[in-house]
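Architecture and fold: a report
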Amino acid sequence: MERPADLAAAIDAAAETLIAVLDSAAARHQVPPTQLRVLTLISARPETNVNGLAELLEVVPSSASRLCDRLEATGLLRRVPDPRDRREVRLVPTAAALTLLRELAERRQRAVQAVLDRMPARTQHDLLLALASFARAATSVPEQQTDPAVQTA
C-alpha cells in the first residue's frame, strides 16, 4: 500500500488539533504553561536541581531559577537540601502541585475522550492501532543504511 503524499501534513494537523484540545482543558488553571511544564518535569525527575532543570528547558540557570522563584512563591515548589549532599538543592513539587498536575491530566483525558466519543468505535480502534505503531516506529532504532559504494577495510 502506497503512503498518501499528504499523510505527514494530516498528522501535523491532527497534532495541532490535539494540542488545542489539551490547551483548552488546561486553560482553567491560573498557572502559565511554562510553569506547568516545570512542575511536570520535576515531578517526573525527583533528583532535579536548578541546573538540571535549566538543561531540560534549554535555558540559562538564572532563568530556571526565576521560574522556580515564582513557583515557590505560589506554593507549588519547594527547594530542599539533597540528603546525600547538603550543598546541593533539589526541586520538589508540593502536594498542591501534584494535585494540580493530577487534576490537569484528568481534565485533559476527559477532553480527549469527548472527542473520541464523537468518532465511530471502529475508527477509534484503528486510531489506537495506528498510534501504537507510530510510537513503536518513533522509538525504534533505525537500521543502518549501508551504501554499497562505501566499503570499509
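See the structure above.
Residues numbered from 1 in each chain as written. Predicted model: local features only at pLDDT ≥ 70, side-chain atom pairs only at ≥ 80, totals over all residues. Heavy atoms only, no water.

This part is about the layout of surface pockets. There is about 710 Å³ of room inside the largest pocket. Among the secondary structure elements, those contributing two or more residues to the lining of the largest pocket are helix 1 (7-26), helix 5 (95-116) and helix 6 (121-139). Taken as a whole, the second largest pocket spans an internal volume of roughly 340 Å³. Lining the second largest pocket are 15 residues; nearest its centre among them are Asp23, Ala26, Leu36, Leu104 and Arg108. Here the lining of the second largest pocket is composed, by residue class, of 11 nonpolar, 1 polar and 3 charged. (1 Å grid on protein atoms, 1.4 Å probe; cavity = no way out; pocket = protein on both sides within 12 Å on 5 of 7 lines; lining within 4 Å. Points joined across faces, edges and corners; volume = space filled by probe spheres on them. Helix = DSSP H or I, 4+ residues; strand = E, 2+ residues; numbered from the N terminus. Nonpolar A, V, L, I, M, F, W, Y, C, P; charged D, E, K, R; others polar.)

Here the focus is a nonpolar patch on the surface. Taken together, the side chains of Leu7, Ile11 and Phe134 present a nonpolar region at the surface, about 270 Å² in accessible area. For isoleucine 11, the position within the fold is in helix 1. The exposure class of isoleucine 11 is partly exposed, given its relative accessible area of 39%. (Patch = residues over 30% accessible without salt bridge, like charges linked within 9 Å, V, L, I, M, F, W, Y side chains within 5 Å. Areas by Shrake-Rupley, 256 points an atom, 1.4 Å probe, with all protein chains shown as cover. Salt bridge = Lys/Arg side-chain N within 4 Å of Asp/Glu carboxyl O. Buried < 20%, exposed > 50% of the residue type's maximum accessible area, 1.4 Å probe, protein only.)

Our next topic: the side chain of asparagine 49. With respect to the helices, strands and loops of the structure, asparagine 49 is situated in the loop between helix 2 (33-44) and helix 3 (50-57). Given a relative accessible area of 14%, asparagine 49 falls into the buried group. Side-chain polar atoms of asparagine 49 contact the backbone nitrogen of asparagine 51, separated by 3.2 Å. Within the structure, the side chain of asparagine 49 is placed 2.3 Å from the side chain of glutamate 88, a separation counted as a polar contact. Leave out the neighbours within four places in its chain, and asparagine 49 touches Glu88, Val89, Arg90 and Leu91. (Polar contact = N/O pair within 3.5 Å; in protein donor to acceptor, adjacent residues only side chain to side chain. Contact = heavy atoms within 4.5 Å.)

Looking now at unusual backbone geometry. In this model, glutamate 58 sits at a positive phi of 60°, which is unusual for a non-glycine residue. Within the secondary structure, glutamate 58 is located in the loop between helix 3 and helix 4 (61-73). For glutamate 58, a relative accessible area of 73% gives the class exposed.

The next subject is the side chain of arginine 90. Tracing the sequence through the fold places arginine 90 in strand 2 (residues 89-93). There is a polar contact of 2.3 Å between the side chain of arginine 90 and the backbone oxygen of glutamate 47.

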